[in-house]
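Summary of the model geometry
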Protein chains: 2
Amino acid sequence: MTTSSTPTIRAAIVGYGNLGRSVEKLIRSQPDMELVGIFSRRPELDTDTPVFPAASAADHAGEIDVLFLCLGSATDIPEQATGYARHFTTVDTYDNHQLVPDHYAAMGEAARAGGNVAVVSTGWDPGLFSLNRTVADALFPDAQQNTFWGKGLSQGHSDAVRRVPGVKRGVQYTIPSEEAIAEAKAGRGAEITGASAHVRECFVVAEEPGAASEEAIREAITTMPDYFAPYTTTVHFITEHEFERDHQGMPHGGHVITSGDLGGSRSSVEFALELGSNPDFTAASQVAYGRAAARLRAEGRTGAFTVLEVAPYLLSPVPLEELIRRDV
Amino acid sequence: MTTSSTPTIRAAIVGYGNLGRSVEKLIRSQPDMELVGIFSRRPELDTDTPVFPAASAADHAGEIDVLFLCLGSATDIPEQATGYARHFTTVDTYDNHQLVPDHYAAMGEAARAGGNVAVVSTGWDPGLFSLNRTVADALFPDAQQNTFWGKGLSQGHSDAVRRVPGVKRGVQYTIPSEEAIAEAKAGRGAEITGASAHVRECFVVAEEPGAASEEAIREAITTMPDYFAPYTTTVHFITEHEFERDHQGMPHGGHVITSGDLGGSRSSVEFALELGSNPDFTAASQVAYGRAAARLRAEGRTGAFTVLEVAPYLLSPVPLEELIRRDV
Ligand SMILES: NC(=O)c1ccc[n+]([C@@H]2O[C@H](COP(=O)([O-])OP(=O)(O)OC[C@H]3O[C@@H](n4cnc5c(N)ncnc54)[C@H](OP(=O)(O)O)[C@@H]3O)[C@@H](O)[C@H]2O)c1
Ligand SMILES: NC(=O)c1ccc[n+]([C@@H]2O[C@H](COP(=O)([O-])OP(=O)(O)OC[C@H]3O[C@@H](n4cnc5c(N)ncnc54)[C@H](OP(=O)(O)O)[C@@H]3O)[C@@H](O)[C@H]2O)c1
């Protein structure tokens, strides 16, 4: 059971987008990992880390204990992940919830064929939120559970804001409504619908600042069907300077709230994230589960694992004995 | 890996105090458990469940898949738990944090000798808070972590309130200060000291209601050295009727807050509990880990496990495939 000291884990990354860059930064600050290189489909990347063509990855299989799959979920992961799992122990953040069972099955088959471990769908949702949903639900005979997302930058809604005539720059944040969170904790979460669960907040730089143009923009945004009309939406007009200072990040976050009766008393469990950067935090979870993947493989395990199947101590570089002393 | 459907788990309880009574209630609402009986040192208990003398427990070893140790942590567990672990797969809520490593070692030895599993120190703290401390800390290269307890009924402080002359009935709740929680989320938790982390709230029924006697009681409470003097303390005077209506429960709760830098961005992770009843929620965690203990034993494992070593899906009566579909 105990893995009290692990040799250095040799890590590599495939795919160098937002997530790949965050994983690169974080591997550098892990006490037990070294970064062997980055595989990319592009010939040149702006990094000091050695870069290799993605097509040559299999040639490096013997030098790598865990491969971080930082590819897009839309098409890259479904098309390419099993190919990597045949040659490497992998960890991914695949986030197409409905297709996770298929991904898990395909990665399990590929990983077993290659004698590897594949930890799938880490990150925060899926990932840490999944872990919390399962644990909290298991406590209550009849749990009421709600997941809220935000405060978070919403790419699709920001694009919609920017398409409104007169908008120079714009972002949209989705924020769980405080009322909805209080209702969920009180066990009345079943009545919360999409539009009452979240409010939308927009920050806009107008082409022509002034009351008339701003009123027209506000009207166009708040009445936009599907995107904004059913939600409580506020629009703030700001200067270009403020936009650049305050709205360049990729914040995100959310809450999983579970409550229920325990034979006469009610209790609630809340897991909440406030993320300064979505890719940095997703990477933090992926790196911790990457450690677990390498350790499971070192214990002789093979096949696919979701976060639900990974014992928590495997995420930490701290030896189990010390974790028990410090955290239990 | 997969335990897709488990046969009914035959459970029993030893020790019938607050926790034992809560475990009894909750086992009744588990789809996959049946309650064989309760072992007690007392000959008669007020329950419909079959009661057996604690001294005869070993005679029933063949009829029981998991034994819930609901004994006191002060002396019962250190003196008696290993004796049970030799004959039964057990789960306990031992909460003397400093002695958990010794308890883990002793239970490991006894459980291995008996071919059993012992899951130790479940509940909420230790237990779910321990799990969250380890997982959240593993995400940050340099985590700042704070645990806050409350809103909770404090037995020792309630006793101190009741010793004040003129107090007829009284309770004291310890509440984490909102300011301290905000500081912890912002990463400034290292500066939070005991007295600034919590505020104290007292509800008192005076022997002789009236401004003069109430002012004297308030003064005596808020200036009491050690117990109240360094804290922000508020005293509310209520009627006996209000006391009986609103202050008979054993509420508790708390927060584990972890934050840190992830290579340029800051994020925070919060795990928060609001418990209508401390023993009911402690029991909910113990019952879920009792399920895990029985399943680990059924898989052929033996020895002691902390919550850090238990894969999350083992807590749930829902089959793994369905959990992956529903929660990941
Ligand atoms: N589970 C969770 O909580 C969670 C949270 C957030 C995101 N995610 C998942 O993480 C995945 C990756 O996110 P991401 O933000 O890193 O996506 P991204 O920036 O679009 O990168 C995806 C891929 O596109 C390629 N790419 C990146 N920049 C490029 C450029 N300038 N020109 C050409 N190609 C470029 C990279 O591959 P090459 O280097 O090979 O070109 C990269 O692997 C997402 O699909 C999402 O599903 C999961
Ligand atoms: N990990 C956590 O989060 C957490 C949280 C809360 C509590 N706990 C732990 O749980 C332990 C049990 O708590 P508890 O509230 O159930 O303690 P309790 O009510 O004092 O019961 C402890 C034992 O005392 C005996 N007892 C109970 N009522 C009695 C009575 N009226 N007369 C004589 N004996 C009686 C029972 O054994 P018999 O039936 O054999 O007489 C019982 O097992 C605590 O020691 C605490 O350490 C852990």
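Residues numbered from 1 in each chain as written. Chains lettered and ligands numbered in written order. Predicted model: local features only at pLDDT ≥ 70, side-chain atom pairs only at ≥ 80, totals over all residues. Heavy atoms only, no water.

Let us look at the interface of chain A and chain B. Contact with chain A, which involves 64 residues of that partner, is made by 64 residues of chain B. Carbon and sulfur atoms supply 64% of the area that chain A and chain B bury against each other, a total of about 5,300 Å² over both sides. Scanning the region where chain A abuts chain B turns up four salt bridges. The shortest N-O distance in the salt bridge between Glu274(B) and Lys185(A) comes to 3.6 Å. At the level of elements, α1 (18–28), α3 (100–114), α4 (128–139), β13 (266–275), α10 (278–298) and α11 (320–327) of chain A are the ones that each hand at least two residues to the side of chain A that touches chain B. For the side of chain A that touches chain B, the residue count by class is 34 nonpolar, 16 polar and 14 charged. Sheet analysis places β13(A) next to strand β13 (residues 266–275) of chain B, joined by nine bridges and oriented antiparallel. Looking at the pairing, Phe271(A) lines up with Phe271(B) of β13(B). (Contact = heavy atoms within 4.5 Å. Buried area = accessible area lost by both parts, 1.4 Å probe. Salt bridge = Lys/Arg side-chain N within 4 Å of Asp/Glu carboxyl O. Helix = DSSP H or I, 4+ residues; strand = E, 2+ residues; numbered from the N terminus. Nonpolar A, V, L, I, M, F, W, Y, C, P; charged D, E, K, R; others polar. Pairing = 2+ DSSP bridges.)

A few words on the side chain of Glu309(B). Residues and elements named next belong to chain B. Summarising the element assignment, Glu309 is placed in the loop between β14 (303–305) and α11 (320–327). Buried charged residue Glu309 carries no salt bridge. Nearest counter-charge: Arg301, at 7.0 Å. At 2.7 Å, the side chain of Glu309 forms a polar contact with the side chain of Thr306. (Buried < 20%, exposed > 50% of the residue type's maximum accessible area, 1.4 Å probe, protein only. Lys, Arg positive; Asp, Glu negative; His and termini not counted. Polar contact = N/O pair within 3.5 Å; in protein donor to acceptor, adjacent residues only side chain to side chain.)

This part is about the sheet that holds strand β8 (residues 152–153) of chain A. All names here are of chain A. Taken together, the four strands give an open sheet; going across it, the order is β8-β9-β10-β11, and neighbouring strands pair in mixed fashion. Two strands lie at the open edges of the sheet, namely β8 and β11 (232–237), each paired on one side alone. Two strands pair when backbone bridges link them, and strand β9 (residues 167–176) and strand β10 (residues 198–206) are joined in this way by nine bridges, in the antiparallel orientation. Among the inter-strand pairings, Pro176 is bridged to a residue of β10, identified as His198. The strands touched by helix α5 (residues 155–162) are β8, β9 and β10; relative to β9, the strand with the most contacts, the crossing angle is about 145 degrees. (Axes fitted to C-alpha atoms, helices over the stretch in contact; angles between N-to-C directions.)

Once that is clear, we can look at the relation of the copies chain A and chain B. Placing chain A over chain B gives an RMSD of 0.1 Å and needs a rotation angle of 180 degrees, together with 0.0 Å of translation along the axis. Each copy turns onto its partner about a two-fold axis. Here 100% of the interface residues in chain A have copies in chain B that are interface residues too; the copies meet face to matching face. (Least-squares fit on C-alpha atoms with pLDDT ≥ 70 in both.)

Turning our attention to unusual backbone geometry. Omega for the peptide link from Gly150(A) to Lys151(A) comes to 0 degrees, which places this bond in the cis form. In this structure, Lys151(A) sits in the loop between β7 (144–149) and β8. Residue Ser121(A) is not a glycine yet carries a positive backbone phi of 55 degrees. Even without a glycine there, the phi angle at Asp226(B) is positive, about 65 degrees. Here Asp226(B) lies in the loop between α8 (211–222) and β11 (232–237). Looking at Asp226(B), the relative accessible area reads 67%, which means it is exposed.

All right, on to the packing of α3(A) against α11(B) then. It is at 9 Å that the axes of α3(A) and α11(B) come closest, and there the two elements cross at 130 degrees. Judged on the interaxial angle alone, α11(B) and α3(A) are oblique. Contact residues: α3(A) offers Val100(A), Pro101(A) and Tyr104(A), while α11(B) offers Leu320(B), Ile324(B) and Arg325(B). Of the residues that constitute the contact of α3(A) with α11(B), the class distribution is five nonpolar, no polar and one charged. (Parallel < 35°, antiparallel > 145°, perpendicular 65-115°, else oblique.)

Attention now goes to the site of ligand 2. All names here are of chain B. Of all residues adjacent to ligand 2, which total 21 residues, the nearest are Leu19, Ser40, Arg41, Ser73 and Asp95. At 2.8 Å from an oxygen atom of ligand 2 is found a side-chain nitrogen or oxygen belonging to Ser40. Secondary structure elements with two or more residues in the shell around ligand 2: α1 (18–28) and α10 (278–298). (Near = heavy atom within 4 Å.)

This part takes up α3(A). With 15 residues, α3(A) should reach 21 Å at 1.5 Å per residue; the first-to-last C-alpha distance of 21 Å fits that figure. Residues of α3(A) that are buried make contact with β4 (66–69), α2 (76–87), β5 (90–92), β6 (117–119) and β14 (303–305) of chain A together with α11 of chain B. Two residues or fewer past α3(A), Gly115(A) is found with a positive phi of approximately 70 degrees. (Expected span 1.5 Å × (residues − 1).)

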